[in-house]
Amino acid sequence: MDSRSSNYHRNHDDDDDGGDRNDNHRHHYKHRKYQYHSERIRYQNQYDNQTSNSQSSSISSIVANHYNSIHNNDIQERKKSRIYYMRNFNNWVKSIIIRDTIKLLRSERDDKNDTEFIVHDLACGKGGDLTKYEKSQITHFIGSDIASVSIEHCKERYGNSRKYFKAEFINADCSRELIKDKLSDPNIRFDMTSCQFSFHYCFESYDQVRTMVRNASECLKIGGIFCGTMPDSIEVMRRLKECGTNQFGNDVYSIKFDKTYDEMTAAGISLFGAKYDFHLEEVVDCPEFLVYFPIMEEICESYGLKLIFKKRFDEFYEENREGDDNSRLLNFMEALEKYPPKDRERPMGKPEDYRHIREYLQNSSGQSINTIGTLSKSEWEAVTLYLVFSFRKVF
Ligand SMILES: C[S@@+](CC[C@H](N)C(=O)[O-])C[C@H]1O[C@@H](n2cnc3c(N)ncnc32)[C@H](O)[C@@H]1O
């Protein structure tokens, strides 16, 4: 655990995660921590039931309305976006996790001729990942989302594709309704559940997290994988603390809390419903919730999901950027901006956003590097707010 996470932990549960304990101590600590979290969950649950039932459905509808109102831009419009490369970078991360998870699950099969592969895309949005599934040759896609207009766009996108796989679409609040009851075949079992950039919306209350995780796990085969991407609350809290006020960000993103870090920690940060307003240039403007990862892990465990890994995007990038396929994909998806830029029509960041790369190019002048792939500092700061997670269904 790094220093950022231990800070966040201390302020969230006042527990001490000493590094040099023997296994017995570790086991004891883990057990104690478990009891502690369960205790807090009970209290929080009572609190939620008393206070947030009426308010919560309105926040979900704000989220649904927000996503329903986003237009489908064509590629030419997207190219003009200030965050064109950042969006491509996020798509590259999703492509790798989706492709590698499917590859791993296929490699573990006893029957290598079994081609069937069923995916549940939980909070699928407009179907931005359909092409990724087509490339991985899945056979059945189930997409669910709270935003009815997004589901219609997703259907349309599938309708315009080559329809290499079967698909069904479910318009539902996945933090309050059970997907199992809405499937065309209630006995279907998924190989993989993917929840991209969406899981944090359920962290409004304990019951919503449980329903969301139940939807991720209930119809997943034993051995199947639940993977996704979401903001890293430890990093969000670190930046809040560092800024000294209740708001931070740059020219592409901003995060605003009701209180400062000191005010929040003095009052005790809620495990659920710790709301902030997130703004991402041109695409997102709505409330989100901090995800306290140990609680997510504990609730996942109660639904048979065991953590395989959790990695921040910068770490994930470092581990995956090399290798022919991955670097080709980085290039192909234009996930990094070429510097110095060729495309003058695209809005760039401020000159200081590229100081790191100018310095790098100057220092390597002997190596005849003319252009290099990068992201502007502002886009990189937004990208490194996120993490990738993966859980295995064990029972
Ligand atoms: C940032 S978008 C991500 C969409 C898609 N997964 C992707 O990566 O392109 C977040 C999505 O979460 C959906 N969402 C938010 N809360 C939800 C809920 N309670 N149930 C189902 N979908 C939800 C929104 O409607 C939106 O489509």
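Residues numbered from 1 in each chain as written. Predicted model: local features only at pLDDT ≥ 70, side-chain atom pairs only at ≥ 80, totals over all residues. Heavy atoms only, no water.

(A) Main features of the packing of helix α5 (residues 84-107) against helix α12 (residues 313-320). Viewed as axis vectors pointing N to C, α5 and α12 meet at an angle of 65°, and their least axial separation amounts to 11 Å. In this structure, α5 crosses over α12, and the sense of that crossing is left-handed. Here F89, N90, W92, V93, I96, I97 and D100 of α5 lie close against α12, whose contacting residues are F313, F316, Y317 and N320. Partitioned by chemical class, the residues of the contact of α5 with α12 number 8 nonpolar, 2 polar and 1 charged. (Axes fitted to C-alpha atoms, helices over the stretch in contact; angles between N-to-C directions. Helix = DSSP H or I, 4+ residues; strand = E, 2+ residues; numbered from the N terminus. Left-handed = near helix turned anticlockwise from the far one by under 90°. Contact = heavy atoms within 4.5 Å. Nonpolar A, V, L, I, M, F, W, Y, C, P; charged D, E, K, R; others polar.)

(B) Inspection of the site of the ligand at higher detail. As a structural note, the neighbourhood of the ligand is formed by 17 residues, with K94, A123, D145, D173 and Q196 the closest of them. Interatomic distance of 2.7 Å between a backbone N/O atom of A123 and a nitrogen atom of the ligand. Separating a nitrogen atom of the ligand from a backbone N or O atom of Q196 is a distance of 2.9 Å. Summarising the interface, the protein chains cover 89% of the accessible area of the ligand, which totals 590 Å² for the free molecule. Looking at the shell around the ligand residue by residue, the classes come out as 10 nonpolar, 4 polar and 3 charged. (Near = heavy atom within 4 Å. Polar contact = N/O pair within 3.5 Å; in protein donor to acceptor, adjacent residues only side chain to side chain. Areas by Shrake-Rupley, 256 points an atom, 1.4 Å probe, with all protein chains shown as cover.)

(C) Representation of the pairing of strand β8 (residues 275-280) in the model. Here β8 shows one buried face, formed by Y276, F278 and L280, and one open face, formed by K275, D277 and H279. Relative to β8, strand β7 (residues 253-256) runs antiparallel, the two sharing 4 bridges. Across the sheet, residue I255 finds its bridge partner in β8, namely F278. A loop of 3 residues connects β8 with strand β9 (residues 284-289), the two strands running antiparallel in sequence, and E282 in this loop sits at a positive phi of about 70°. (Buried < 20%, exposed > 50% of the residue type's maximum accessible area, 1.4 Å probe, protein only. Pairing = 2+ DSSP bridges.)

(D) Structural detail: the UniProt feature "binding site: S-adenosyl-L-methionine" (unreviewed entry) in the protein. UniProt records the feature "binding site: S-adenosyl-L-methionine" (unreviewed entry) for K94, A123, D145, D173, Q196 and Y201 in the present numbering. For the residues just named, distributed over 108 residues, the greatest C-alpha separation reaches 22.6 Å, placing them at more than one site. Positionally, K94 belongs in helix α5. When neighbours within four sequence positions are excluded, K94 is seen to be in contact with D129, K132, Q196 and F197. As for its position among the elements, A123 is in the loop between β1 (118-122) and α6 (130-135). (UniProt positions renumbered as here; feature names shortened; annotations may be inferred.)

(E) Quick peek at the confidence of the model for the protein. Averaged over every residue, the pLDDT of the protein is 86; the share at 70 or more is 83%. Of the regions scoring below 50 in pLDDT, residues 1-36 engages in 40 contacts with residues more than four places distant in sequence or in other chains. Overall fold confidence (pTM) sits at 0.86, and the ipTM for the predicted complex is 1.00. (pLDDT = per-residue confidence, 0-100.)

(F) Fine view of the side chain of S136. Relative to the assigned elements, S136 resides in the loop between α6 and β2 (140-145). What makes S136 buried here is its relative accessible area of 12%. Apart from the residues lying within four places of it in its own chain, the contact partners of S136 are R99, I102 and R106.

(G) Geometry of the environment of I142. With respect to the secondary-structure elements, I142 resides in strand β2. For I142, a relative accessible area of 0% translates into the label buried. Along the sequence, I142 and V283 sit 141 residues apart, while their C-alpha atoms lie 24 Å from each other. Sequence-distant contacts of I142, that is, excluding residues within four places in its chain, are made with I118, V119, H120, D121, E168, I170, L183, I188 and F190.

(H) Representation of helix α11 (residues 293-302) within the structure. Counted residue by residue, α11 has 7 buried out of 10 residues, so it is predominantly covered. Following α11 by one or two positions, G304 adopts a phi angle in the positive range, close to 80°.

(I) Fine view of the sheet that holds strand β10 (residues 305-312). Taken in spatial order, the 7 strands line up as β3-β2-β1-β4-β5-β13-β10 in an open sheet, and their pairing is mixed. Each edge of the open sheet is held by one strand with a lone partner, namely β3 (166-171) and β10. Taken pair by pair, the neighbouring strands of this sheet meet at an average axis angle of 15°, ignoring direction. Direction of pairing for β1 relative to strand β4 (residues 190-196): parallel, over a ladder of 3 bridges. Looking across to β4, one finds that V119 is bridged to M192. The sheet strands contacting helix α7 (residues 148-159) are β2 and β3, and the helix crosses β3 at an angle near 170°.

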